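Tertiary structure, described
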Amino acid sequence: NAGVTQTPKFQVLKTGQSMTLQCAQDMNHNSMYWYRQDPGMGLRLIYYSASEGTTDKGEVPNGYNVSRLNKREFSLRLESAAPSQTSVYFCASSEGGGYAYNSPLHFGNGTRLTVT
Amino acid sequence: GENVEQHPSTLSVQEGDSAVIKCTYSDSASNYFPWYKQELGKRPQLIIDIRSNVGEKKDQRIAVTLNKTAKHFSLHITETQPEDSAVYFCAAIRPPSGGSYIPTFGRGTSLIVHP
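This text gives an overview of the structure that appears in the document. From a predicted model like this one, the values you see are computed outputs, not experimental measurements.

Describing the overall build of chain A
Looking only at helices and strands, chain A has zero helices and 11 strands in total. When the helices and strands of chain A are placed in sequence order, the string is β-β-β-β-β-β-β-β-β-β-β. A compact globule built from 116 residues would reach a C-alpha radius of gyration of about 13 Å, and chain A, at 13 Å, matches this within 12%. The principal-axis extents of the C-alpha atoms in chain A amount to approximately 45 × 25 × 25 Å. Expressed as a percentage of its 116 residues, the buried residues of chain A come to 51%. Relative to all contacts within chain A whose residues are 6 or more apart in sequence, the contacts with residues 24 or more apart total 56%. Counting every atom, chain A has about 5,300 Å² of accessible surface; 48% of that belongs to carbon and sulfur. With 10 positive and 8 negative side-chain charges, chain A shows a separation of 8 Å between the mean positions of the two kinds.

What about the pattern of salt bridges?
Scanning all chains against the criterion turns up eight salt bridges over all chains. Ionic pairing is found between E79(A) and R77(A), a salt bridge with its closest N-O pair at 3.1 Å. By relative accessible area, R77(A) is classed as partly exposed at 29%. With its nearest N and O atoms 3.9 Å apart, the salt bridge here joins R51(B) to D49(B).

Reading guide: rules and limits
Residues numbered from 1 in each chain as written. Chains lettered and ligands numbered in written order. Predicted model: local features only at pLDDT ≥ 70, side-chain atom pairs only at ≥ 80, totals over all residues. Heavy atoms only, no water. Helix = DSSP H or I, 4+ residues; strand = E, 2+ residues; numbered from the N terminus. Rg over C-alpha atoms; globule rule 2.2 N^0.38 Å. Buried < 20%, exposed > 50% of the residue type's maximum accessible area, 1.4 Å probe, protein only. Contact = heavy atoms within 4.5 Å. Areas by Shrake-Rupley, 256 points an atom, 1.4 Å probe, with all protein chains shown as cover. Lys, Arg positive; Asp, Glu negative; His and termini not counted. Charge placed at Lys NZ, Arg CZ, Asp CG, Glu CD. Salt bridge = Lys/Arg side-chain N within 4 Å of Asp/Glu carboxyl O.

Right under this line is the structure:
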């Protein structure tokens, strides 16, 4: 039982390049999330998916797109990377929704992205 | 939407002292309050949570208190140890409207425990 698995762990991009961050969970969770973490800013929500087939914008969605490929997988795409997207990205999942709304988030190990 | 304020941003204590981190929230409908610990270079991990039908919850050296009237909740760590050094995040969650819910996090408290 691996929990939440993110790839890659580290990535360096040049401005304008694109990439996809992959996330998969094996806990049969309904909800999945993408956060970015910057010094002094805490965890800011980029996009989330309450259930398979749905996605919604969070606090800082500009410059990102997401795909909920199936119940297990939720990917984050940067179409044209910018230096402002240099950050640590965390994927998370939870049972979520309905009566399970008060269930904790389980985080992946993070992806450290640098855009030069 | 929900707004969570967390204080202090940095907390420095001597080993063996107690540490208290406080959070306030704005949405009175929020009724689930988890706390996460993030060690340097690691992912955030749940350490304790509380639901609004209780006022206090303890787990060994860690306790969380909730004051629904004042809309604030606190994390208490007693007999601190160097391994307690980490960033701590509070969060507030309300029941979903429209089928989904979004946890709102505080900005984090960096706790430093000096040996």
